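Observations on the model geometry
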Amino acid sequence: MPKILLVEDNKDLTTLIGLSLNQDYAIDVVHNGGEGLECLRTGRYDVVILDWELPELSGPEICRQFRAAGGTTPVLMLTGKSQIAEKEKGLDAGADDYLTKPFDMRELAARLRALTRRSPSAPSAALTFGDLHLDPVRHSLKRGDEEIHLLKKDFALLEFLMRYPDEIFGTETILERVWSYDSEVTADAVRTSIKRIRKALDRSADESESIIENVRRVGYRLKRPC
């Protein structure tokens, strides 16, 4: 599942965007420019949605600093400014695309799909873990020649864990990264999803031999085959 950084100080708009996109993207949200730049420096994202006017640092300034530091992640700039000169300023700062407020969520989704295809970190490359082969683009999971079918969220959770092998993730982090803005979801959803993945992938009913290790009081990680 592609990961988006949304830097926008209008909390109503961030909620609306999150609810619109949460089925297809994992979304990190920050509400000021300083935090946005720090997230870009320390995190890995497939696309950045960047507002123009932000507390601490403006969108164009964040974009300039990010590009100057070698950042290549595609940036979609959001703004209420419609003049050609302002659009030119945003693009010159390093933005890849531009969307003027107010906008239709369908157009935002279409722009993001286009930018995700361009992203150097876009999840186009297949993932391999042991004898498992996961292709995010084709939504395909195989063990050897055997096709394994998972529900959409189970697939997204497995993909997330496969992208960060050996890392332990707590339930809250998994909810934020995989379920994102679905506020009705609880920790039970993670446990249930992991049970389904184990049922589909594990060769033994012994939980200690499961592909997904439960690190007591910490979280979950993929366990490398012996």
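For the structure, see preceding data.
For every chain, the first residue of its written sequence is number 1, and the numbers climb from 1 along that sequence. Only residues with pLDDT of at least 70 get local features here, since the model is predicted, and only at 80 or more are side-chain atom pairs given and counted; chain-wide, interface and lining totals rely on the full set of residues. Side-chain figures throughout are based on the complete set of non-hydrogen atoms in the structure, without hydrogens or water.

1. Describing the overall build of the chain
- Every helix listed is a DSSP run of H or I at least four residues long, and every strand listed is a run of E at least two residues long, numbered separately from the N terminus. Looking only at helices and strands, one finds eight helices and 11 strands in the chain.
- Within these notes, the globule rule equals 2.2 Å times the number of residues to the 0.38 power, and the radius of gyration is based on C-alpha atoms. Its C-alpha atoms give the chain a radius of gyration of 19 Å, within 12% of the compact-globule value 17 Å for 226 residues.
- Each accessible area is a Shrake-Rupley estimate made with a 1.4 Å probe; only the visible protein chains count as cover when residues are assessed. Carbon together with sulfur atoms contributes 47% to the accessible area of the chain, which is approximately 11,800 Å² in total.
- We treat Lys and Arg as the positive residues and Asp and Glu as the negative residues; His and chain ends play no part in the count. For the purpose of locating charges, the reference atoms are NZ of Lys, CZ of Arg, CG of Asp and CD of Glu. The centroid of the 33 positive side-chain charges in the chain is displaced by 3 Å from the centroid of its 38 negative side-chain charges.

2. Notes on the side chain of Thr 14
- Structurally, Thr 14 is set in helix α1 (residues 11-21).
- Each polar contact in these results corresponds to two N or O atoms within 3.5 Å; when the atoms are within protein, one needs to be able to donate a hydrogen and the other to accept it, and residues that are neighboring in sequence are counted only if both atoms are side-chain atoms. Polar contacts involving the side chain of Thr 14 include one to the main-chain carbonyl oxygen of Lys 11, which spans 2.8 Å.

3. Considerations on the environment of Asp 166
- Within the element layout of this structure, Asp 166 appears in the loop between α6 (152-163) and α7 (171-179).
- Distance from Asp 166 to Asp 97, taken between C-alpha atoms, is 35 Å for residues 69 residues apart in sequence.

4. Overview of the sheet that holds strand β6 (residues 127-129)
- DSSP calls a pair of strands paired once it identifies at least 2 bridges connecting them. Taken in spatial order, the four strands make up an open sheet running β6-β7-β8-β9, and their pairing is antiparallel. With one partner strand each, in any of the chains shown, β6 and β9 (146-147) form the two edges of the open sheet.
- Alignment of β6 against strand β7 (residues 132-135), held across three bridges, turns out to be antiparallel. If you follow Phe 129 over to β7, its bridge partner there is Leu 132.
- By definition, residues are in contact when any of their heavy atoms lie within 4.5 Å. To get an axis, fit a line to the C-alpha atoms, keeping to the stretch in contact for a helix; angles then go from 0 to 180 degrees between the N-to-C directions. Against the sheet, α6 contacts β6, β7 and β8 (140-143), and its axis sits at roughly 110° relative to β7.

5. Brief notes about unusual backbone geometry
- A cis amide bond links Lys 101 with the next residue in sequence, Pro 102, at an omega value of -10°.
- Relative to the elements of secondary structure, Pro 102 occurs in the loop between β5 (97-100) and α5 (105-118).
- With phi around 75°, Glu 56 is a residue other than glycine that occupies positive phi space.
- Take Glu 56: it is sitting in the loop between β3 (47-51) and α3 (59-68).
- Exposed residues in this analysis have more than 50% of their type's maximum accessible area, buried residues have under 20%, and partly exposed residues fall in between, with area computed by a 1.4 Å probe over protein chains only. Residue Glu 56 is classed as exposed on the basis of its relative accessible area, which comes to 65%.
- One non-glycine residue, Arg 217, adopts positive backbone phi at about 65°.
- Positionally, Arg 217 belongs in the loop between β10 (212-215) and β11 (219-222).
- Classification of Arg 217 as exposed rests on a relative accessible area of 79%.

6. So, the nonpolar core
- Buried Ala, Val, Leu, Ile, Met, Phe, Trp, Tyr and Cys residues that are joined via side-chain atoms within 4.5 Å together make up what is termed a nonpolar core. Core analysis: the biggest nonpolar cluster contains 30 residues, and Leu 141, Leu 157, Leu 158, Ile 174, Leu 201, Ile 212 and Leu 222 have the highest contact counts within it.
- Going through the elements one at a time, β6, β7, α6, α7, α8 (187-201) and β11 are the ones with two or more residues in this core.
- For this core, the leading source of residues is α6, giving seven residues.
- Beyond its immediate sequence surroundings of up to four residues, Leu 222 is in contact with Phe 129, Leu 158, Leu 161, Met 162, Asp 166, Ile 211 and Ile 212.
- Residues Leu 5, Trp 52, Phe 66 and Met 77 belong to the second largest nonpolar core, which totals 19 residues.

7. Digging into the state of the cysteines
- The disulfide criterion used throughout: a pair of cysteine sulfur atoms within 2.5 Å. The full count for this structure, using the stated rule, is zero disulfides.
- Cys 39 takes part in no disulfide bond, and the closest cysteine sulfur, belonging to Cys 63, lies 15 Å away.
- Taking the relative accessible area as the measure of exposure, Cys 39 reaches 18% and is therefore buried.
- Classification of Cys 63 by relative accessible area gives buried; the value is 1%.

8. Remarks on the sheet that holds strand β1 (residues 3-7)
- Read across the open sheet, the five strands follow the order β2-β1-β3-β4-β5; overall the sheet is parallel. Every other strand in the sheet has two partners, leaving β2 (26-30) and β5 as the edge strands with one partner each. If you compare each strand with its neighbour and ignore which way they point, the axes differ by 20° on average.
- Here β1 pairs with β2 via five bridges, running parallel. Its bridge partner lying in β2, Val 7 is registered against Val 30.
- Sheet strands touched by α1: β1, β2, β3 and β4 (75-79). Its angle to β2, the strand with the most contacts, is close to 175°.
- Its contacts with the sheet place helix α2 (residues 33-42) against β1, β2 and β3, and it is angled at close to 160° to β1.

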